[in-house]
Amino acid sequence: MKIVYSNLPMKKELNAFQYQSEGNTLIEYDEKVVFPVNAVLAKSMKKGEKVKVVLLSKADKDGNCAVNAGIFQQELNRINLEIGADIEYITLTTPFVETRDIHEKLLRDMIGMLEERAEAIADITYGPKSLPIIVFAVLNFAEKFFGVTIKNIVYGKVNFVNDGNGGTKPVDPVLCDMTPLYYLNSLTNSMEYRSSEEAVKALDILLDM
């Protein structure tokens, strides 16, 4: 079983890209997608496999997140026509307020979506800056207490250039796999040394491997 956490954009204008992979060709997909994680799912979902997609939405003033949740489902359902996975969609909506109680509620609700021994995939492309931190905390909890395997943490990177009309346009889309960064963080959290000097030396050895 797969559990997917995906942050939803709060903006109205969405762009579809054919993302080139940076460092992980296994997640490279030859079609355009609005939501980068759907490129990963297009390459990794299997016929009959249960996939729980948890969409992380903010209650923005214009209601764009709610609309974008529907666009996400349409895109992944289209991809799934040729695959035949069993997809369940759940939307977790919280106020666009950066307070401790809101963060803690979202963390607890996300943990409530976990399944024992599942595979986890996350997309941190969109949403407020607090969401990637919460996603990392949830995945750490999932790995430690639910035996979840962290497969991919991705975000879609673009450059913004002048469009010639006084505005900007996104170009050069790249699908970045942040999973090694997650595991590096897990390793540093488990390191135990008698001094900061020993810890830094050990980290240097680890980074050179």
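Heads up: these notes are all about the structure in this document. (Residues numbered from 1 in each chain as written. Predicted model: local features only at pLDDT ≥ 70, side-chain atom pairs only at ≥ 80, totals over all residues. Heavy atoms only, no water.)

## Things to note about the overall build of the protein chain
And step 1. Broken down by element type, the protein chain carries six helices and seven strands.
And step 2. Its C-alpha radius of gyration of 18 Å places the protein chain within 12% of the 17 Å reference for a compact globule of 209 residues.
And step 3. When the backbone C-alpha atoms are referred to their principal axes, the protein chain occupies close to 55 × 45 × 40 Å.
And step 4. Out of the 209 residues in the protein chain, the part that is buried amounts to 43%.
And step 5. Pairs at least 24 residues apart make up 71% of the contacts formed inside the protein chain by residues separated by at least 6 positions.
And step 6. Carbon and sulfur atoms make up 53% of the accessible area of the protein chain, which totals about 11700 Å².
And step 7. Of note, the protein chain has its 23 positive side-chain charges centred 3 Å away from the centre of its 29 negative side-chain charges. (Helix = DSSP H or I, 4+ residues; strand = E, 2+ residues; numbered from the N terminus. Rg over C-alpha atoms; globule rule 2.2 N^0.38 Å. Buried < 20%, exposed > 50% of the residue type's maximum accessible area, 1.4 Å probe, protein only. Contact = heavy atoms within 4.5 Å. Areas by Shrake-Rupley, 256 points an atom, 1.4 Å probe, with all protein chains shown as cover. Lys, Arg positive; Asp, Glu negative; His and termini not counted. Charge placed at Lys NZ, Arg CZ, Asp CG, Glu CD.)

## Here's the deal with the layout of surface pockets
And step 1. Counted as a void, the largest pocket has a volume near 240 Å³.
And step 2. Around the largest pocket, the lining is made up of 13 residues, and of these Lys11, Tyr126, Gly156, Val158 and Phe160 lie nearest the centre.
And step 3. The element that contributes the greatest number of residues to the lining of the largest pocket is strand β6 (residues 149-162), accounting for five residues.
And step 4. Its residues assigned to classes, the lining of the largest pocket shows eight nonpolar, three polar and two charged.
And step 5. Roughly 180 Å³ of volume is contained in the second largest pocket.
And step 6. Together, Lys2, Asn24, Leu26, Ile27, Val40, Lys43, Ser44, Lys46, Glu119, Ile121, Lys151 and Asn152 line the second largest pocket.
And step 7. The set of elements that each furnish at least two residues to the lining of the second largest pocket consists of α1 (36-44), β5 (119-123) and β6. (1 Å grid on protein atoms, 1.4 Å probe; cavity = no way out; pocket = protein on both sides within 12 Å on 5 of 7 lines; lining within 4 Å. Points joined across faces, edges and corners; volume = space filled by probe spheres on them. Nonpolar A, V, L, I, M, F, W, Y, C, P; charged D, E, K, R; others polar.)

## Section: the sheet that holds strand β3 (residues 50-59)
And step 1. Pairing is mixed across the open sheet formed by seven strands, whose spatial order is β2-β7-β6-β5-β1-β3-β4. Because the sheet does not close on itself, it has two edges, and the strands there are β2 (20-22) and β4 (86-95). Averaged over all pairs of adjacent strands, the angle between their axes in this sheet comes to 25°, without regard to strand direction.
And step 2. Of the strands in this sheet, β1 (2-7), β3 and β4 touch helix α2 (residues 64-80), which is tilted by about 160° from β3.
And step 3. Each of β1, β3 and β4 touches helix α3 (residues 100-111); the most contacted strand, β4, lies at about 165° to it. (Pairing = 2+ DSSP bridges. Axes fitted to C-alpha atoms, helices over the stretch in contact; angles between N-to-C directions.)

## Quick word on α2
And step 1. Given a rise of 1.5 Å per residue, 17 residues ought to cover 24 Å, and the 24 Å separating the end C-alpha atoms of α2 matches this to within 8%.
And step 2. In this structure, the buried residues of α2 make contact with β1, α1, β3 and β4. (Expected span 1.5 Å × (residues − 1).)

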